[in-house]
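Inside the fold
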Amino acid sequence: MILSGLQIEKNIGKDIIIEPFNRKQLNSNSYNVRLHNKLLVYKDKVLDMKKANEAEEIIIPESGYELKPSELYLGRTLEYTNTKNYVPMIEGRSSIGRLGIFIHITAGFGDVGFAGYWTLEIFCIKPIIIYPNVEIAQLYYHTIDGEYEEYTSSKYQNNTDVQPSMLYKDFK
């Protein structure tokens, strides 16, 4: 079952932490999250799953930054989240999708107990200018049935910034 916006709000500060929280970003069954001003772009033309791929940082100015098709940009939410007893999930906003921007390619599913900023896998169909602080995605929350173990990852838990893939750690 998906939580309503009012139920999300009732759980703020308890099982759902969203910092900063702004009620204006609350929807009927989700919460809009904003884009930070920092992006990462991988430097190599060919990525290798078994190594840490080098990335360069791009700062999105207030005047905007043009995303180019066929390039993967890693961004992050401005909001820090911590979720207990619910499964957090992220989707791009429909207004963003209608401009041809994908906000996550495969990683929209969160884990119970995840704490940190959401890394966004951003890809566009056509060149488009984006801006920092735009409400780019929405979080929604599912109830979970049965016993579970909370998420504990040495790779992504308690992150403080945009995170490139750390799949290479699985090969060690």
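Residues numbered from 1 in each chain as written. Predicted model: local features only at pLDDT ≥ 70, side-chain atom pairs only at ≥ 80, totals over all residues. Heavy atoms only, no water.

Before going further, it helps to examine the overall build of the protein. For the protein, the count of helices and strands is two helices and 11 strands. When its helices and strands are written in sequence order, the protein yields α-β-β-β-β-β-β-β-α-β-β-β-β. Relative to the compact-globule value of 16 Å for 172 residues, the protein shows a C-alpha radius of gyration of 16 Å, a close match. For the protein, the spread of C-alpha atoms along the three principal axes comes to 45 × 40 × 20 Å. By residue count, 44% of the 172 residues in the protein fall in the buried class. Sequence-distant contacts in the protein: of pairs separated by 6 or more residues, those separated by 24 or more amount to 72%. Here the protein displays about 9,700 Å² of accessible surface, and carbon together with sulfur accounts for 51% of that area. (Helix = DSSP H or I, 4+ residues; strand = E, 2+ residues; numbered from the N terminus. Rg over C-alpha atoms; globule rule 2.2 N^0.38 Å. Buried < 20%, exposed > 50% of the residue type's maximum accessible area, 1.4 Å probe, protein only. Contact = heavy atoms within 4.5 Å. Areas by Shrake-Rupley, 256 points an atom, 1.4 Å probe, with all protein chains shown as cover.)

Another aspect to go through is the pairing of strand 11 (residues 135-143). In this structure, strand 2 (residues 31-34) lies alongside strand 11, joined through four bridges in antiparallel fashion. Its bridge partner being in strand 11, asparagine 32 is matched across the sheet by glutamine 138. Direction of pairing for strand 7 (residues 86-92) relative to strand 11: antiparallel, over a ladder of seven bridges. Bridge pairing in strand 11 places proline 88 opposite tyrosine 141. (Pairing = 2+ DSSP bridges.)

This part covers the nonpolar core. Counting residues in each nonpolar core, the largest one holds 31 residues, and the members touching the most others are Leu39, Leu67, Ile101, Ile122, Ile130 and Tyr141. Taken together, the elements giving at least two residues each to this core come down to strand 1 (16-19), strand 2, strand 3 (38-42), strand 7, strand 9 (115-124), strand 10 (128-130) and strand 11. Discounting chain neighbours no more than four positions away, the residues touching leucine 67 are Leu39, Tyr73, Ile122, Cys124, Lys126, Pro127, Ile128 and Ile130. (Core = buried A, V, L, I, M, F, W, Y, C linked by side-chain atoms within 4.5 Å.)

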